[in-house]
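So you can see what is in the structure, the chains are spelled out below.
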Amino acid sequence: MGMMSWLVEQRIQESMRNGEFRDLPGHGKPLELEDLSGVPEELRMSFKIMKNSGLVPEEISLRAECVTLEGLLAACHNSGGKETSEGKALRAKLSMKRLRLQELLRERGLDSNPAFMQYSVQIHEQMIREEE
């Protein structure tokens, strides 16, 4: 395998020197890579199929809604000292979403699964980065 990889790399380098990649779509633009490193190996294909078909697991959509609500609450707190009726409504909505998420995780037995908990932290961090 090492020799084959070396040969492929040499051919790629030669093609680059000859300018054979200049007319490819997306030339000079950053690649849009999907980071599935946080997804367990056995779930990657099913997650990719679900994503491509527009389906999202309920726990993922609930987490996304929680991140959005947390951002809106932070904006409310930054805009003034007093909590407005909008802020109270957002806080109540966030509490309901969090409760539903906890209930869903408990129903599916994911609340005590260490692999899922580690993965869920990575999902949450990714969603926060995407919101910024």
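Before reading on, note that the structure itself is shown above.
No experiment lies behind these values; they were computed from the predicted model shown. (Residues numbered from 1 in each chain as written. Predicted model: local features only at pLDDT ≥ 70, side-chain atom pairs only at ≥ 80, totals over all residues. Heavy atoms only, no water.)

A. Broad picture of the overall build of the chain. Along the chain, the regular secondary structure elements total 5 helices and 0 strands. Secondary structure elements of the chain, listed N to C terminal, follow the sequence α-α-α-α-α. Here the C-alpha radius of gyration of the chain, 22 Å, is well above what a compact globule of 132 residues would show, namely 14 Å. Over its C-alpha atoms, taken along the principal directions, the chain stretches across nearly 65 × 40 × 25 Å. Looking at the 132 residues of the chain, the share that counts as buried comes to 18%. Here the contacts in the chain between residues at least 6 apart in sequence split such that 62% fall between residues at least 24 apart. Accessible surface, the chain as shown: approximately 10,400 Å² in total, 57% of it carbon and sulfur. Averaging the coordinates of the 18 positive side-chain charges in the chain and doing the same for the 22 negative ones gives two points 4 Å apart. (Helix = DSSP H or I, 4+ residues; strand = E, 2+ residues; numbered from the N terminus. Rg over C-alpha atoms; globule rule 2.2 N^0.38 Å. Buried < 20%, exposed > 50% of the residue type's maximum accessible area, 1.4 Å probe, protein only. Contact = heavy atoms within 4.5 Å. Areas by Shrake-Rupley, 256 points an atom, 1.4 Å probe, with all protein chains shown as cover. Lys, Arg positive; Asp, Glu negative; His and termini not counted. Charge placed at Lys NZ, Arg CZ, Asp CG, Glu CD.)

B. Examining the pattern of salt bridges more closely. The final tally for this structure, using the stated rule, is 5 salt bridges. With its nearest N and O atoms 3.2 Å apart, the salt bridge here joins Glu-58 to Arg-100. On the criterion of sequence distance, the pair formed by Glu-58 in helix H3 (residues 58-79) and Arg-100 in helix H4 (residues 85-107) is long-range, its members being 42 residues apart. For Arg-100, a relative accessible area of 27% gives the class partly exposed. Between Glu-65 and Lys-97 there is a salt bridge, with the nearest N and O atoms lying 2.5 Å from each other. Residue Glu-65 is located in helix H3, and its partner Lys-97 is located in helix H4; the two are separated by 32 residues in the primary sequence. Residue Glu-65 is classed as partly exposed on the basis of its relative accessible area, which comes to 31%. Exposure remark for Lys-97: the relative accessible area of 22% places this residue in the partly exposed category. Counted as one network, the salt bridges with shared partners bring together Glu-58, Arg-100 and Glu-103. (Salt bridge = Lys/Arg side-chain N within 4 Å of Asp/Glu carboxyl O.)

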